[in-house]
Amino acid sequence: ASTPAPSGLTDPQAILSQSFVQMEAATTFHVEGTMDGSVNASELGALLGTGSVGLEGTLKVDGSTLSGDVDASRSAAHMSATFPRLFGVSAEVVMVDGFSYIKLSTNAKFTKYNAPTSVFVPNASPGATLNIGNELKFLKTQLDSSGATATLSGRETVDGRDVYHVVVTVPASLPNELIGAAGGAAAGEAAGSAANAAGLALAPLDYWVYVDTLQPARFRLRASSPTLGSLDVSVILTRYGQSVTIQAPSADQVP
């Protein structure tokens, strides 16, 4: 799936940059993640402009898990998530052909939505599909322009493979700038101001990169806010380039 790189890199910025290049070139990969913490659903819905979608108050997400496959070449993904502290609810998400299909364990069928066109890139064109390469380029530009710094913590092991451990420290303003940029002009400014008022803060990001291929191996994100709550998210990436089959649910599974 990629050309093996020589080991022994010592420049954390080079490791970070080359891992982004390898991620952009990736066709498929597998995801395993965990999430702990709590979220104020009402405050988060107000910040994102989506409302509380029927959820109110503080939601505990300790012990939550995520597992699935991504086909970046088709902008497709199939994920399963569990939320043991939310009444044991689980969810299945399929994103393919420009649509997202979501089914909770409390429902018998999937609900169909338009797939998101972007996580970070502002002003995505109508009808666009999620492009991981574009997302990474935008994120790298924001990290560089904000003055984020990277340090090499050392060599460790992920999934039985040798990895570089890079710690990325970002300025306090970056989370708010990303939220503002993602919303476009007027809406983005309002969202960025709201995020700033919420005191959203990121701990240094832990990022692991496979030594032999320079592909991303794992990342850990910790965010906190006095009003929104706090999250600790850890994700491991494996099985690069392996064949996956992602299809939309059958017609009888979608109302």
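The model shown is predicted, which means the values in this text are computed figures rather than measured ones.

Let us look at the packing of aromatic side chains. Applying the stated rule across the entire model yields two aromatic pairs. Here the aromatic rings of Phe-20 and Tyr-207 are separated by 6.5 Å at their centres, their planes lie at 80°, and the arrangement is edge-to-face. Highlighted residues: Phe-20 in helix H1 (residues 12-25) and Tyr-207 in strand S11 (residues 205-210), separated in sequence by 187 residues. Taken individually, Phe-20 and Tyr-207 each receive the classification buried, so the pair is uniform in this respect. Relative to Tyr-240, the ring of Phe-29 lies with its centre 5.8 Å away and its plane at 40°, an arrangement referred to as tilted. Note that Phe-29 is positioned in strand S1 (residues 28-40) and Tyr-240 in the segment after strand S13 (229-238), a separation of 211 residues in sequence. Residue Phe-29 shares its accessibility class with Tyr-240, and that shared class is buried. Over the aromatic face of Tyr-210 sits the side chain of Arg-161, whose NZ or CZ is 3.7 Å from the ring centroid. Just above the ring of Trp-208 sits the side chain of Arg-218; from NZ or CZ to the centre is 4.3 Å.

Summarising burial for S11: five of the six residues are buried, a large majority. By the bridge criterion, six bridges tie strand S9 (residues 161-169) to S11 in an arrangement that is antiparallel. Counterpart to Val-167 in the pairing with S11 is Asp-206.

Next up on the list: helix H3 (residues 132-146). Taking 1.5 Å of rise per residue, the 15 residues of H3 would be expected to cover 21 Å, and the 21 Å separating its terminal C-alpha atoms lies within 8% of that figure. Every buried residue of H3 is listed here: Gly-133, Glu-135, Leu-136, Phe-138, Leu-139, Lys-140, Gln-142, Leu-143 and Ser-146. A side-chain oxygen of the first residue of H3 lies 2.9 Å from the backbone nitrogen of Gly-133; this N-cap is Asn-131. The positive-phi residue at the C-terminal boundary of H3 is Gly-147, with phi of around 85°.

With 34 residues, the main nonpolar core has Phe-20, Phe-29, Val-31, Leu-143, Val-168, Leu-237 and Tyr-240 as its most contacted residues. Setting aside residues up to four positions removed in sequence, Val-168 forms contacts with Leu-16, Ala-148, Thr-149, Ala-150, Pro-204 and Leu-205. Val-96, Tyr-101, Ile-246 and Val-254 belong to the second-largest nonpolar core, a separate cluster that totals seven residues.

Next up on the list: the confidence of the model for the protein chain. The predicted model of the protein chain has a mean per-residue pLDDT of 84, with 81% of residues at 70 or higher. Throughout residues 50-54 the model reports pLDDT below 50, and contacts reaching past four residues in sequence, or to other chains, amount to four contacts. This stretch, residues 183-192, has a pLDDT under 50; its non-local contacts, to residues over four places away or in other chains, come to eleven contacts.

Thresholds, definitions, all that
Residues numbered from 1 in each chain as written. Predicted model: local features only at pLDDT ≥ 70, side-chain atom pairs only at ≥ 80, totals over all residues. Heavy atoms only, no water. Phe/Tyr/Trp six-rings, centres within 6.5 Å; stacked < 30°, edge-to-face > 60°. Helix = DSSP H or I, 4+ residues; strand = E, 2+ residues; numbered from the N terminus. Buried < 20%, exposed > 50% of the residue type's maximum accessible area, 1.4 Å probe, protein only. Lys NZ or Arg CZ within 6 Å of the ring centre and 35° of its normal. Pairing = 2+ DSSP bridges. Expected span 1.5 Å × (residues − 1). Polar contact = N/O pair within 3.5 Å; in protein donor to acceptor, adjacent residues only side chain to side chain. Core = buried A, V, L, I, M, F, W, Y, C linked by side-chain atoms within 4.5 Å. Contact = heavy atoms within 4.5 Å. pLDDT = per-residue confidence, 0-100.

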